[in-house]
Amino acid sequence: MERYFDEELGRLKDDMRHMGDLVAEAVYRSVEALKGQDKPMAKKVIDDDKSIDEAELAIDEECLDLLALRQPVAGDLRFISMAMKIATDLERMADLAVDIAQRVVELGDQPLVKPLVDIPRLTMLAQTMTREAIGSFIASDMDLATKVILMDNEADRLRDRIQKDLIEDYMLKDPATIRGAVPLLLVARHLERICDHATNIAEDTIYRVKAKVVKHHPEKLNNNNGNK
Amino acid sequence: MFDPVKIKAQHVDFFYGNQQALKDISMDIDVGRVTAIIGPSGCGKSTFIRLLNRMNDLVAHTVLRGHIYLEGQDIFSPAVDPVEIRRRVGMVFQKPNPFPKSIFENIAYGLEVNGYRDRDVIEERVVMSLKKAALWEEVKERLRDSALKLSGGQQQRLCIARCLAVAPEVLLFDEPCASLDPISTAKIEELILELKKDYTIAIVTHNMQQAARVSDRTAFFLLGELVEMGETQHIFTAPKDKRTEAYITGRFG
């Protein structure tokens, strides 16, 4: 039976997708600003964060209204309660994009200590994980959620490699590079944290669909493959 | 050893004539807990609860198969006195049904039927029952007034007091708030939560939020079958059966 409630949930899904797009875009633009050392672009990322904060508040309000007025249970309840958590994750991801943009502002015009290779890769990964994590939640797609969670290993690996390269090949060899290398270290860390939040969203998807908690229990992930 | 099961139904089939109302119901009602039975109209939930104190004995052309045990004793065994079962397992109905007598006599009546003669004892029991049913403060000045002058919610609490007077072990509630306003409903729900300290309770309700609020365990019936039974918080956050999910989220129809 079609319920009016499903339309309301549909609107909530649309708003979540929109917020996810804004966040993925902010991450992308923050790193584009870094690549081009484009301070105006970085400042725009910082300014635009307000609209993401507002999107979070709007989703929270929508969820609270649905909890109060529809008194959802079971799958509906899991959907709405996870939507609230996800809005928080998305907002923090946007804050990390702001952190990246601030590193760009800090760097100013000083030339980058090295060409960016792995950071753009990690950025691509962070964007993909963000979009697919939200997509998996909206579509209740367990396979996609599982894929996102597994991608986090690659994010950790890239972050470790970026750190190792910067520390061993630059900072230790030539302390004069430290001032330029630290912001890049931080950017790698911010990107990896964005991937962690995307992983949280994918874990929330699995709870929403299967009522199974995989957060902090990675061993439970294996039984989820292929289930929708 | 302590047995947590107060009432045990085993493979219960029940027929009204040729119509099968219950199909192979097996479930336990735990001692000192509230068990809610939910399901759409005609799912057999009221039929089931009425079997638990042999109310359906009074309905003609019915057939029961299977067993229902109260503390291990088969309540349908020929050796069992149904009147004694109904004393031990009391029932409160959808519509308050006080006798057209005074408030006092409504409660004293059941005691007299059960052989109480000493007026002091009867009076003591009446007062205790009214207190336990959270009605005493509202009626203590007018015990001789007709029970029919009470509000619907008060009448329902009087019916609960009437059950309590004969010292039951189990209380069955069949849609006890269906004809009550939200305030009276809240009072009955609070009372159920209070009463579960001393009694085992089963409640049939159409109101799923009520089941969620008052019960520890929930059973979902559909077309005479027990689809799923579990801890209430699991049924309302993560039911296992798709039919339970559809019913409680309002997708049925």
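Scroll up a little and you will see the structure.
The shown structure was predicted, so the numbers you read here are calculated from the model rather than taken from an experiment.

**A closer look at the pairing of strand S8 (residues 200-204) of chain B**
Residue and element names in this part refer to chain B.
And step 1. Within S8, 5 of the 5 residues are buried, leaving the element largely enclosed by the surrounding structure.
And step 2. Residues Thr200, Ala202 and Val204 line one face of S8 and the alternating positions Ile201 and Ile203 line the opposite face, and both faces are buried.
And step 3. Note: strand S3 (residues 34-38) against S8, 4 bridges, orientation parallel. Paired with alanine 36 across the two strands is isoleucine 203, which belongs to S8.
And step 4. For the handedness criterion, the β-α-β arrangement of strand S7 (residues 170-174), helix H7 (residues 182-195) and S8 is classed as right-handed.

**Re the interface of chain A and chain B**
How big an interface is tends to be expressed through the accessible area that disappears when the partners come together.
And step 1. Listed per partner, the contact involves 11 residues of chain A and 12 residues of chain B.
And step 2. Between chain A and chain B lies a buried interface of about 980 Å² when both sides are counted; carbon and sulfur atoms form 50% of it.
And step 3. Area buried by chain A at its contact with chain B is led by Met1, Val73 and Ala74 of chain A, which between them contribute 49% of it.
And step 4. For the interface between chain A and chain B, the tally reads 2 salt bridges.

**Topic: the pattern of salt bridges**
Residues and elements named next belong to chain B.
And step 1. For the coordinates displayed, the defined rule picks out 43 salt bridges over all chains.
And step 2. In this structure, the salt-bridge partner of arginine 217 is aspartate 30, at a minimum N-O distance of 3.7 Å. Here arginine 217, found in strand S9 (residues 217-222), pairs with aspartate 30, found in strand S2 (residues 19-30); they are 187 residues apart in sequence, far enough to count as distant. Comparing arginine 217 with aspartate 30, the two get one shared label, buried.
And step 3. When the shortest N-O distance is used, the salt bridge between arginine 119 and glutamate 112 registers 3.0 Å.

**Remarks on helix H2 (residues 39-70) of chain A**
Residues and elements named next belong to chain A.
And step 1. In this model H2 runs 47 Å from its N-terminal to its C-terminal C-alpha over 32 residues, within 8% of the 46 Å that 1.5 Å per residue would give.
And step 2. A maximum bend of about 25 degrees is found in H2 at aspartate 48.
And step 3. Listed as buried for H2 are Ala42, Val45, Asp49, Ile52, Ala55, Glu56, Ile59, Glu62, Cys63 and Leu66.
And step 4. Looking at the buried side of H2, the elements it contacts are helix H1 (4-36) and helix H3 (74-107).
And step 5. The opening residue of H2 is aspartate 38, an N-cap whose side-chain oxygen sits 3.1 Å from the backbone nitrogen of methionine 41.

**Overview of the packing of H1 of chain A against helix H4 (residues 118-139) of chain A**
Residues and elements named next belong to chain A.
And step 1. Orientation of H1 relative to H4, taken along the N-to-C sense of each, is 180 degrees, at an axis distance of 9 Å. Between H1 and H4, the interaxial angle falls into the category roughly antiparallel.
And step 2. Of the residues assigned to the contact of H1 with H4, the class counts are 13 nonpolar, 4 polar and 6 charged.

**Examining the packing of H3 of chain A against H4 of chain A**
All names here are of chain A.
And step 1. Put simply, H3 and H4 touch, their axes get as near as 12 Å, and they point 170 degrees apart. By the angle between their axes, H3 is roughly antiparallel relative to H4. Touching Phe79, Met82, Ala83, Ile86, Leu90 and Met93 of H3 are Thr130, Ile134 and Phe137, all from H4.
And step 2. Considering only residue class, the contact of H3 with H4 consists of 8 nonpolar, 1 polar and no charged.

**Here we look at the nonpolar core**
And step 1. The biggest cluster of nonpolar side chains holds 68 residues, and the ones touching the most others in it are Leu12, Ile119 and Leu191 of chain A.
And step 2. Of all the secondary structure elements, the ones that give two or more residues to this core are H1, H2, H3, H4, helix H5 (142-171) and helix H6 (178-210) of chain A.
And step 3. With 15 residues, H3 of chain A is the largest single contributor of residues to this core.
And step 4. With near-sequence residues (within four places) excluded, leucine 12 of chain A lies in contact with Ile59, Glu62, Cys63, Leu66, Phe79, Ile80 and Ala83 of chain A.
And step 5. Of all hydrophobic cores here, the second largest spans 49 residues; its members include Ile38, Val92, Val126 and Ile248 of chain B.

Cut-offs and rules
Throughout, a residue's number is its position along its own chain's written sequence, starting from 1. Whichever chain is written first is A, and whichever ligand is written first is 1; the rest continue in order. In view of the model being predicted, local features appear only for residues whose pLDDT reaches at least 70, and side-chain atom pairs are presented and counted only at 80 or more, with totals across whole chains, interfaces and linings using the full set of residues. For side-chain calculations, the full set of non-hydrogen atoms in the structure is used, while hydrogens and water are omitted. Relative accessibility under 20% of the residue-type maximum defines a buried residue, over 50% an exposed one, and the middle range a partly exposed one, all with a 1.4 Å probe and only protein chains included. Here a strand is any run of E in DSSP of at least two residues, a helix any run of H or I of at least four, and the numbering for each starts at the N terminus. For two strands to be treated as a pair, DSSP must find no fewer than two bridges joining them. A clockwise course of the path from the first strand over the helix to the second, judged with the strands pointing away from the viewer, identifies a crossover as right-handed. Residue contacts are counted whenever heavy atoms from the two residues lie within 4.5 Å of one another. Take the accessible area each of two parts loses on contact, using a 1.4 Å probe, and add the two losses: that sum is the buried area. Basic side-chain nitrogens of Lys or Arg form a salt bridge, by our definition, when they fall within 4 Å of a carboxyl oxygen of Asp or Glu. By this rule, a helix spans an expected 1.5 Å times one less than how many residues it contains. The angle between axes fitted to the seven residues ending at a residue and the seven residues starting there is what we call the bend at that residue. Nitrogen and oxygen atoms within 3.5 Å of one another constitute a polar contact, given that in protein one can donate a hydrogen and the other can accept it, and given that sequence-neighbouring residues count only through two side-chain atoms. Axis definition: a line fit to C-alpha positions, over the contact stretch in the case of helices; interaxial angles, taken between N-to-C directions, run 0 to 180 degrees. Oblique is the label for any angle not covered by the other classes, which are roughly parallel (under 35 degrees), roughly antiparallel (over 145) and roughly perpendicular (65 to 115). Residues were grouped as follows: Ala, Val, Leu, Ile, Met, Phe, Trp, Tyr, Cys and Pro as nonpolar; Asp, Glu, Lys and Arg as charged; and all remaining residues, including Gly, as polar. Take the buried residues of types Ala, Val, Leu, Ile, Met, Phe, Trp, Tyr and Cys, join any two whose side-chain atoms come within 4.5 Å, and each joined set is a nonpolar core.

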